[in-house]
Amino acid sequence: MYNNILDIDGIRIGQVEDLKGITGCTVIISEKGACCGVDVRGSAPGTRETDLLNPINMVDKVHSIVLSGGSAFGLESTCGVVKYLEENDIGFDVGVTKVPIVVGAVLFDLHVGDHTIRPDYNMGYRACEVASSTELKQGNYGAGCGATIGKFKGIDYATKGGIGSHSIKLDNGLVVSAIIAVNPFGDVYEGGSIIAGCLDYDKKNFANTVELMKSGVNSKDFSMKNTTIGAVITNAKFNKAECSKLAQMSHNGYAKAISPIHTMYDGDTIFAMATGEIQADINLVGTLAAQVVEQSIINAVKNAESIKGIPAYKDLK
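Structural notes, computed from the coordinates. (Residues numbered from 1 in each chain as written. Predicted model: local features only at pLDDT ≥ 70, side-chain atom pairs only at ≥ 80, totals over all residues. Heavy atoms only, no water.)

With that settled, consider the packing of aromatic side chains. Under the defined criterion, the tally for this structure stands at 4 aromatic pairs. On the numbers, 5.0 Å between centres and 55 degrees between planes, the contact of Phe185 with Tyr265 is tilted. Taken together, the positions of Phe185 in the loop between strand E11 (175–182) and strand E12 (187–190) and Tyr265 in the loop between strand E15 (258–259) and strand E16 (269–278) put the pair 80 residues apart, joining distant regions of the chain. The class for Phe185 is buried, based on a relative accessible area of 1%. Among the aromatic residues, ring-to-ring pairing joins Phe152, Phe185 and Tyr265 into one connected group. Positioned over the ring face of Phe73 is Arg118, at 3.6 Å from the centre of the ring. The ring of Tyr157 has Lys153 lying over it, and the distance from NZ or CZ to the ring centre is 4.5 Å. (Phe/Tyr/Trp six-rings, centres within 6.5 Å; stacked < 30°, edge-to-face > 60°. Helix = DSSP H or I, 4+ residues; strand = E, 2+ residues; numbered from the N terminus. Buried < 20%, exposed > 50% of the residue type's maximum accessible area, 1.4 Å probe, protein only. Lys NZ or Arg CZ within 6 Å of the ring centre and 35° of its normal.)

Structural data, given as structure tokens:
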């Protein structure tokens, strides 16, 4: 096992970053297509094709999930993914061509690097070209390149976020995995203790965002510079309604690892994909999904590296 999302057969991951823009995108490819659902909990989302995933709508399989930096500008990267997939004969067959079904979500990282450089058509296309079924880098890669954590007092007191992944495999062959780009307004916790988030004025300790809010302190920055986005993928056999439920239950992993979560300043989104190989109980898979999401968030933090003076977990230990 890779102990990450590549433990799911038939999945490839491609990641590209721009270190001047300090941004990037992560592309998940399922060439055969897989059933997919979504759950958006944050109140400042940026997404593509989420209406298609409503269980009452026709198309039930997607060929790619794109996680991107760049705020709304970053949605352009999904168009490069569409082009790559069409060129490789991957998509929903409509007779004259195959239409790739590509869904996506973006996070806000424009304040970290050069805000004029964002994930675009070319970056999305390149991410598909380098997609691998055997290698996945965590930390400052793909959509996690410009991710930061704990922006209550502004970027000067934030710590570095990133992208992380984790999986669980049971003896019966069931695999549940997640990949998460961690860029929340709130702080990240492990075992009840903050491991990344808003720093105190000495920049040596954590200020604790929830306690700041409770004390009546107001955020001093434009606070919609956030959003945690990701995907849960399992080899279970689920329909769109079950995938939607899985996405909903997966948000429990966000709540375990991040506080505050799902604020007006976050666009927190989780896609849930099922490749349809093994019968499984949605209650079990949803419970495991919360666990792999939580651990993916922690892995993102622990693999992150400092950038542009923004300290990482490794610097604060």
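Attention shifts here to the packing of helix H4 (residues 240–257) against helix H5 (residues 282–303). Here H4 crosses H5 at 40 degrees, and the two axes come no closer than 7 Å. As the angle between them shows, H4 and H5 are arranged oblique. Of the two elements, H4 crosses H5, and the hand of that crossing is right-handed. From H4, Glu242, Lys245, Leu246, Met249, Ser250, Asn252, Gly253, Tyr254, Lys256 and Ala257 reach across to H5, where they touch Ile282, Asn283, Val285, Gly286, Thr287, Ala289, Ala290, Gln291, Val293, Glu294 and Ile297. In terms of residue class, the contact of H4 with H5 is made up of 10 nonpolar, 7 polar and 4 charged. (Axes fitted to C-alpha atoms, helices over the stretch in contact; angles between N-to-C directions. Parallel < 35°, antiparallel > 145°, perpendicular 65-115°, else oblique. Left-handed = near helix turned anticlockwise from the far one by under 90°. Contact = heavy atoms within 4.5 Å. Nonpolar A, V, L, I, M, F, W, Y, C, P; charged D, E, K, R; others polar.)

Those residues of helix H2 (residues 121–129) that sit buried are Met123, Gly124, Ala127 and Cys128. What you see down the axis of H2 is that its buried residues fit within an arc of 140 degrees, all on one side. Close packing links the buried residues of H2 with strand E1 (11–18), strand E2 (23–40) and helix H1 (77–87). (Arc of directions from axis to C-beta.)

Checked against the element boundaries, Gly42 lands in the loop between E2 and strand E3 (47–48). The spacing of Gly42 and Val217 is 175 residues in sequence and 22 Å in space, taken between C-alpha atoms. With residues up to four places along the chain from it excluded, the contact list for Gly42 reads His262, Thr263, Asp266, Gly267 and Asp268.

Structurally, Ser68 can be placed in strand E4 (residues 61–68). Apart from residues lying up to four places away in sequence, Ser68 is in contact with Gly24, Cys25, Gly74, Ser77, Ala105, Val106, Leu107, Pro119, Ala143 and Ile229.

In terms of nonpolar packing, the biggest core is built from 36 residues, with Val176, Val188, Val232, Phe238, Leu246 and Ile297 touching the most fellow members. Broken down by secondary-structure element, the contributors of at least two residues to this core are E11, strand E13 (193–196), strand E14 (229–236), H4, E16 and H5. In contact with Leu246, other than residues within four places in its own chain, are Val232, Thr234, Phe238, Ala272, Ile282, Val285, Gly286 and Ala289. Core analysis: the next-biggest nonpolar cluster, separate from the first, contains 30 residues, Ala34, Ile65, Ala143 and Phe271 among them. (Core = buried A, V, L, I, M, F, W, Y, C linked by side-chain atoms within 4.5 Å.)

The residue Ser177 is located in strand E11 in this model. Every residue in contact with Ser177, bar those within four places of it in the chain, is listed here: Asn4, Ile5, Ile8, His166, Ser167, Ala231, Val232, Ile233 and Val292.

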